[in-house]
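# Examination of the molecular architecture
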Amino acid sequence: MNKEQSVTLLRQNKRKQVEVLQSLGFAGVTNATRASLFPDYIKWAGGLLDVRVAIVRIADGAKFYLTVQEWESLTNENQAKFVKQGVRVRAECEDFIVAAVAPGTYAWGSNKDVTTSPNYSETTANTTYKGAFDAQGNAIDALTLTQRISDYYGTATANSVTGAPAANAALNYKAFKQSTDGIDDEADWCLPNIKHAMILYRFKNEINDVFRRAWSSDNILTTAALWTCIEANANNAWIVNIGSGYVSDPTKVTAYTVRPITLLNT
C-alpha cells in the first residue's frame, strides 16, 4: 500500500467514525474534528467523561469549565472574578449543567393531560432513557418540554394546584443575578428528563465531590426523588429517586424536589 492509498484509507475510516458518533447524538462532530478527540467522545458515549465547575466571568460574561482541581488552584482574588453556575456533567452523550441549589419541593401540576407533549406509560418509560420523542420520532429537548408544561397549565387552578409549580420553579431559577453578584444568569434552566436524572443518580458521587469542594456539603445531590419533565398521563408524571435510581410515576399533585439543569450543545 503506497502513501496515497494509506491516506485514503485513513480518511475513509475517519468518516465512518464520524458517522457513528453523529448517530449517537454528537451532531457537532464532523470530518473536521480532530481524530485525537474521538477517544473522549467514545468515553462520553459509554459513561462519564467528566464533571467540571461551570463559572462565568463577571467582567464580560465569558464561560469557563474547570476541573475542581483547577478551581481550587485559583487564588481567592481570582475566584472572586467569577460566579459559579453549577456543575457541568458530560456523560452518556449528554452535556448539561446541574444547579447547585434545589429551589424546593413542588407539585408537577393538576390532573390534566399536557396535550403538547408525549405521554410515556409504565411499559414505555424506559425509552426516555434515550430522551423524549414526538410521534414522528423527532427528539424533544428537556427545555422545550418544560416550557410546554408551563404554557399548557398557565395560571389556572385545579386540584388545589395553580399552574405548573415544578416547571415554573425550574424555568425561573437563576444561579446568580446582577443586584447581588454583578451579573445576570442568562442560562435557560429546566426540569431534567429521565435520562438526565438517571445520569445524576449514576454519577452522584463524582458530582457531589465537586459540589462539596467548590461549594459545600449543603449543595450535594441528596437521595431525594426529582421531578422530570416527562408525563405519564393526565394524572401522573415521572420522578427519579436519586438515592436508589428507582423510576416511578406518582400523582402530579404530590410535591417532589426540583433540581434544575441547563442544556449545553454537544
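Residues numbered from 1 in each chain as written. Predicted model: local features only at pLDDT ≥ 70, side-chain atom pairs only at ≥ 80, totals over all residues. Heavy atoms only, no water.

### Details of helix α2 (residues 38–46)
The following threshold applies: The cut-offs for exposure are 20% and 50% of the maximum accessible area for each residue type, with area from a 1.4 Å probe on protein chains only; residues under the lower value are buried, those over the upper are exposed, and the others partly exposed. Under the scheme used here, helices are H or I runs from DSSP no shorter than 4 residues and strands are E runs no shorter than 2 residues, and both carry numbers assigned from the N terminus. This arc corresponds to the set of directions leading from the helix axis out to the C-beta atoms.
When we look at burial in α2, the residues that qualify are F38, Y41 and W44. Angularly, the buried residues of α2 cover 115° about the axis, an arc narrow enough to put them on a single face. Those residues of α2 that are exposed and angled more than 90 degrees off the buried face are P39, I42 and G46.

### Considering the pairing of strand β12 (residues 237–241)
Test applied: By this definition, two strands are paired if DSSP reports at least two bridges between them.
When you tally the buried positions in β12, you get 4 out of 5 residues, the bulk of the element. Pairing between strand β11 (residues 225–231) and β12: 4 bridges, direction antiparallel. Counterpart to W227 in the pairing with β12 is I239. Taken together, β11 and the strand that follows it, β12, pair antiparallel across an intervening segment of 5 residues. Bridge count for β12 against strand β13 (residues 247–248) is 2 bridges, and the pairing is antiparallel. Note that in β13 the partner of I239 across the bridge is S248.

### Section: the sheet that holds strand β15 (residues 261–263)
Stated precisely, the cut-off is as follows: Throughout, a residue-residue contact means that at least one pair of heavy atoms, one from each residue, lies within 4.5 Å. In this analysis an axis means a line fitted to C-alpha atoms, helices contributing only their contacting stretch, and an angle means the value between N-to-C directions, from 0 to 180 degrees.
With antiparallel pairing, the 6 strands of this open sheet are ordered in space as β2-β1-β3-β4-β15-β10. The sheet terminates laterally at β2 (63–66) and β10 (189–190), the two strands that pair on one side only. The pairing of strand β1 (residues 48–57) with strand β3 (residues 82–91) spans 9 bridges and is antiparallel. Counterpart to V53 in the pairing with β3 is V87. Across the face of the sheet, helix α8 (residues 194–202) comes into contact with β3, β4 (94–98) and β15 while running at roughly 70° to β4.

### Focus on the nonpolar core
Convention followed: Take the buried Ala, Val, Leu, Ile, Met, Phe, Trp, Tyr and Cys residues and link them wherever side-chain atoms come within 4.5 Å; each set so joined is a nonpolar core.
Core analysis: the largest hydrophobic core is formed by 58 residues, its most contacted members being V87, V89, V98 and I207. Ignoring anything within four residues of it in the chain, the contact list for V87 reads V51, R52, F96, I97, V98, I207, V210, F211 and W215. Among the nonpolar cores identified, the runner-up in size contains 8 residues, and F26, W44, L49 and C93 belong to it.

### Concerning the environment of Q69
Here Q69 shows up in helix α3 (residues 68–73). Separated by 16 residues in the primary sequence, Q69 and V53 place their C-alpha atoms 9.6 Å from one another.

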